[in-house]
Amino acid sequence: MQSAWISVGLRPLVECTVLELSDSRAKVALPQPVVASLPRVCVLYLKPDRSAGWTCEVRDKGHDFIELTFVSAV
């Protein structure tokens, strides 16, 4: 498993754990309060310096995970 970071607007980055990763989607584990408050669009970064990432749409939410579809690279 690897770490990643979620960004929403001007909020600080939130660390998460990548459970699954493909060319077009990802499934990441997050604390439940973060999952509940995420909007439909966010940015997933694979590095905390924001050098590699994707704008994503949230496709599904579980209790402590989200499934994302990549829209575009950032």
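Summarised in this report is the structure supplied together with it. (Residues numbered from 1 in each chain as written. Predicted model: local features only at pLDDT ≥ 70, side-chain atom pairs only at ≥ 80, totals over all residues. Heavy atoms only, no water.)

**Looking at the overall build of the chain**
- Assigned secondary structure in the chain consists of one helix and six strands.
- The order of α-helices and β-strands along the chain, N terminus first, is β-β-β-α-β-β-β.
- For the chain, the C-alpha radius of gyration of 11 Å lies close to 11 Å, the compact-globule estimate for 74 residues.
- Here the chain displays about 4300 Å² of accessible surface, and carbon together with sulfur accounts for 53% of that area.
- Across the chain, the centroid of the 8 positively charged side chains sits 6 Å from that of the 8 negatively charged ones. (Helix = DSSP H or I, 4+ residues; strand = E, 2+ residues; numbered from the N terminus. Rg over C-alpha atoms; globule rule 2.2 N^0.38 Å. Areas by Shrake-Rupley, 256 points an atom, 1.4 Å probe, with all protein chains shown as cover. Lys, Arg positive; Asp, Glu negative; His and termini not counted. Charge placed at Lys NZ, Arg CZ, Asp CG, Glu CD.)

**Quick word on the pattern of salt bridges**
- Applying the stated criterion across every chain, the model contains one salt bridge.
- Notably, a salt bridge pairs Glu 57 with Arg 59, separated by 3.2 Å at the nearest N-O pair.
- Given the relative accessible area of 28%, Glu 57 is considered partly exposed. (Salt bridge = Lys/Arg side-chain N within 4 Å of Asp/Glu carboxyl O. Buried < 20%, exposed > 50% of the residue type's maximum accessible area, 1.4 Å probe, protein only.)

**Regarding the side chain of Thr 69**
- Along the chain, Thr 69 falls in strand S6 (residues 65-73).
- In this structure Thr 69 comes out as buried when scored by relative accessible area, which is 18%.
- In terms of polar contacts, Thr 69 uses its side chain to reach the side chain of Arg 59, at 3.3 Å.
- With sequence-adjacent residues up to four places away left out, Thr 69 is seen in contact with Ser 24, Arg 25, Thr 55, Cys 56, Glu 57 and Arg 59. (Polar contact = N/O pair within 3.5 Å; in protein donor to acceptor, adjacent residues only side chain to side chain. Contact = heavy atoms within 4.5 Å.)

**Observations regarding the sheet that holds strand S5 (residues 53-61)**
- Taken together, the six strands give a closed barrel; going around it, the order is S1-S2-S3-S6-S5-S4, and neighbouring strands pair in antiparallel fashion. On average, each strand axis in the sheet is tilted by 45 degrees relative to the strand beside it, whichever way the strands run.
- Here four bridges tie strand S2 (residues 14-21) to strand S3 (residues 25-29), and the two strands are oriented antiparallel to one another. Bridged to Thr 17 within S3 is Ala 29. (Pairing = 2+ DSSP bridges. Axes fitted to C-alpha atoms, helices over the stretch in contact; angles between N-to-C directions.)

**Describing the environment of Arg 50**
- By the element assignment, Arg 50 lies in the loop between strand S4 (41-45) and S5.
- Residue Arg 50 is classed as partly exposed on the basis of its relative accessible area of 40%.
- In contact with Arg 50, other than residues within four places in its own chain, are Ser 7, Arg 11, Leu 13 and Tyr 45.

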